[in-house]
Amino acid sequence: MRALFVAAAMTVTALGLSSPVLAAGGGGSMETPAKPVDANFTRAKAMIEARDYRGALPLLQQVVTKDPKNADAYNLMGFATRQSGDANGSLQYYQQALAIDSRHIGAYEYLGQAYLMLGRLPEAEQQLARLDSLCTFGCAEYRQLKAAVADYKAGKRPTN
């Protein structure tokens, strides 16, 4: 199983895919079946990749209006909101993503990152513990949040 995970990670890297966007939109539950992707969702991911966070938000709002159970879209809304400088405003979107999909590993990581930006270390550590229980063989989201928590404890405060 570990070899399969490593091979998948190498494939993602070989394809040149960006891990922030993968985590932002593709970091959902490991058991969620694939469904057709909304064109606005695809455009919003491209805008986020280009760092046009504010521009992506209206597209994502359209996605969740049409599909209110789209945890990935809510997670991306949180990411775009946080990257726009509103960590507090991002919390609602991550929490909505988790209300829809309680195993959304991307939302747990980003929620933890937002809590660190807000100086709420205990809550960030709770998200890290949840990721630890969900990522049996480890996952990028767990490693990234673990590193961010360690940096925070070392006095390095996160920014967008």
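In what follows, the accompanying structure is described. (Residues numbered from 1 in each chain as written. Predicted model: local features only at pLDDT ≥ 70, side-chain atom pairs only at ≥ 80, totals over all residues. Heavy atoms only, no water.)

A few points about the packing of aromatic side chains
This structure, assessed with the given rule, holds three aromatic pairs. Taking the centre distance of 6.1 Å and the plane angle of 45° together, the rings of Tyr-94 and Tyr-110 count as tilted. Within this pair, whereas Tyr-94 is found in helix 6 (residues 87–100), its partner Tyr-110 is found in helix 7 (residues 105–117), the two being separated by 16 residues in sequence. The exposure class assigned to Tyr-110 is buried, which follows from its relative accessible area of 4%. Over the ring of Tyr-152 we find Arg-157, and its NZ or CZ is 3.9 Å from the ring centre. (Phe/Tyr/Trp six-rings, centres within 6.5 Å; stacked < 30°, edge-to-face > 60°. Helix = DSSP H or I, 4+ residues; strand = E, 2+ residues; numbered from the N terminus. Buried < 20%, exposed > 50% of the residue type's maximum accessible area, 1.4 Å probe, protein only. Lys NZ or Arg CZ within 6 Å of the ring centre and 35° of its normal.)

Some remarks on the packing of helix 3 (residues 39–49) against helix 5 (residues 71–83)
Packed helix pairs are specified by the crossing angle of their axes together with the interaxial distance, meaning the distance between the axes. Contact pair helix 3 / helix 5: the axes reach a minimum separation of 11 Å and the direction vectors enclose 25°. In terms of axis orientation, helix 3 runs roughly parallel to helix 5. In the crossing of helix 3 with helix 5, the sense of the turn from one axis to the other is left-handed. Here Phe-41, Lys-45 and Ile-48 of helix 3 come into contact with helix 5, specifically with Asp-72, Ala-73, Leu-76, Phe-79 and Ala-80. A class-by-class count of the residues in the contact of helix 3 with helix 5 yields six nonpolar, no polar and two charged. (Axes fitted to C-alpha atoms, helices over the stretch in contact; angles between N-to-C directions. Parallel < 35°, antiparallel > 145°, perpendicular 65-115°, else oblique. Left-handed = near helix turned anticlockwise from the far one by under 90°. Contact = heavy atoms within 4.5 Å. Nonpolar A, V, L, I, M, F, W, Y, C, P; charged D, E, K, R; others polar.)

Structural notes on helix 5
Between its first and last C-alpha atoms helix 5 spans 18 Å; for 13 residues at 1.5 Å apiece the expected length is 18 Å, and the two agree. Among the 13 residues that make up helix 5, twelve are buried, leaving the element largely enclosed by the rest of the structure. Looking at helix 5, one finds that the buried residues are Ala-71, Ala-73, Tyr-74, Asn-75, Leu-76, Met-77, Gly-78, Phe-79, Ala-80, Thr-81, Arg-82 and Gln-83. One side-chain oxygen of the residue at the start of helix 5 lies 3.2 Å from the amide nitrogen of Asp-72, identifying that residue as Asn-70. (Expected span 1.5 Å × (residues − 1). Polar contact = N/O pair within 3.5 Å; in protein donor to acceptor, adjacent residues only side chain to side chain.)

So, the state of the cysteines
Evaluated as defined, the whole model comprises one disulfide. The disulfide that involves Cys-135 links it to Cys-139, with 2.0 Å between the sulfurs. A torsion of 60° about the S-S bond marks the disulfide between Cys-135 and Cys-139 as right-handed. Each member of the pair Cys-135 and Cys-139 is classed as buried. (Disulfide = S-S within 2.5 Å.)

A look at the environment of Met-77
As for its placement among the helices and strands, Met-77 is situated in helix 5. The exposure class assigned to Met-77 is buried, which follows from its relative accessible area of 2%. Look past the residues within four positions of Met-77 in its chain and what remains in contact with it is Leu-57, Leu-60, Gln-61, Val-64 and Tyr-93.

Digging into helix 3
An α-helix turns once every 3.6 residues. As a result, residues three or four positions apart point the same way. Considered for burial, the residues of helix 3 that qualify are Asn-40, Phe-41, Ala-44 and Ile-48. For helix 3, the angular spread of the buried residues around the axis is 100°, confining them to a single face. The opening residue of helix 3, the one whose side-chain oxygen lies 2.6 Å from the backbone nitrogen of Asn-40, is Asp-38. Two residues or fewer past helix 3, Arg-51 is found with a positive phi of approximately 70°. (Arc of directions from axis to C-beta.)

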